[in-house]
Amino acid sequence: GQAAIVEQGLARLDDQQRVRYEKLYKGYLAMTAQGLRFASRPENVARVAVDAAMAPVPPQPRYVVGKDAKLMVGLKKLLPTRSFDALMISLSTRG
């Protein structure tokens, strides 16, 4: 899975790069694992996609499905760009 891909990426780094990026790599894995726990079920995403495809109006380019996605979109709208970016960095460097 993703852990194997990240480990392969870490293996290719020299010592200086590893010091710089290892925490970010590991944080990404932790953030992804946490996100998967709250992600929408595939059938819910499929339902939204099929409903959009079958609607009499042209579909939108994107649909937000699930509480986790709605929270992130809401935060992105409410927070200034730098604050949202800092939050994303903070979430991705925990681990």
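The structure presented is a predicted model; accordingly, all values stated were derived computationally and were not measured.

Asker: How do you make sense of the overall build of the protein when you look at a structure like this?
Answerer: Helices and strands together make up the secondary structure of the protein, namely five helices and zero strands. The dimensions of the protein, computed from C-alpha atoms along their principal axes, are 55 × 35 × 20 Å. Looking at the protein as a whole, 13% of its 95 residues qualify as buried. Per element, the accessible surface of the protein, about 7,700 Å² overall, is 61% carbon and sulfur.

Asker: Whenever I open this one, the pattern of salt bridges confuses me. Can you help?
Answerer: Summed over all chains, the structure comprises three salt bridges. Salt-bridge contacts for D15 lead to R18; the nearest nitrogen and oxygen are separated by 3.6 Å. Here D15 pairs with R18, and both are found in helix α2 (residues 15–38), just three residues apart, close to one helical turn. Look at D15 and you get exposed, because its relative accessible area is 61%. Judged by its relative accessible area of 23%, R18 is partly exposed.

Asker: Would you mind going over the layout of surface pockets with me for this structure?
Answerer: If a probe the size of a water molecule is rolled over the atoms, the empty space left behind becomes visible. Approximately 460 Å³ is the volume found for the largest pocket. M31, Q34, G35, M72 and L91 are the residues nearest the centre of the largest pocket, which is lined by 16 residues in total. Looking at the lining of the largest pocket, the elements with two or more residues in it are α2, α4 (67–78) and α5 (81–92). In terms of residue count, α2 provides more of the lining of the largest pocket than any other element does, six residues in total.

Asker: What's the story with the packing of α4 against α5 in this structure? I'm lost.
Answerer: What describes two packed helices is the angle between their axes and the distance between those same axes. It is the contact of α4 with α5, at a shortest axis distance of 8 Å, that shows an interaxial angle of 140 degrees. The pairing of α4 with α5 is recorded here as oblique in orientation. In this structure, α4 meets α5 at a crossing whose hand is right-handed. Residues M72, L75 and K76 of α4 form the contact with α5, whose own contacting residues are F84, L87 and M88. Broken down by class, the residue content of the contact of α4 with α5 amounts to five nonpolar, no polar and one charged.

Asker: Looking at this structure, I do not really get the environment of I89. What am I missing?
Answerer: Within the element layout of this structure, I89 appears in helix α5. By relative accessible area, which is 51% here, I89 ends up exposed.

Definitions and limits used
- Residues numbered from 1 in each chain as written.
- Predicted model: local features only at pLDDT ≥ 70, side-chain atom pairs only at ≥ 80, totals over all residues.
- Heavy atoms only, no water.
- Helix = DSSP H or I, 4+ residues; strand = E, 2+ residues; numbered from the N terminus.
- Buried < 20%, exposed > 50% of the residue type's maximum accessible area, 1.4 Å probe, protein only.
- Areas by Shrake-Rupley, 256 points an atom, 1.4 Å probe, with all protein chains shown as cover.
- Salt bridge = Lys/Arg side-chain N within 4 Å of Asp/Glu carboxyl O.
- 1 Å grid on protein atoms, 1.4 Å probe; cavity = no way out; pocket = protein on both sides within 12 Å on 5 of 7 lines; lining within 4 Å.
- Points joined across faces, edges and corners; volume = space filled by probe spheres on them.
- Axes fitted to C-alpha atoms, helices over the stretch in contact; angles between N-to-C directions.
- Parallel < 35°, antiparallel > 145°, perpendicular 65-115°, else oblique.
- Left-handed = near helix turned anticlockwise from the far one by under 90°.
- Contact = heavy atoms within 4.5 Å.
- Nonpolar A, V, L, I, M, F, W, Y, C, P; charged D, E, K, R; others polar.

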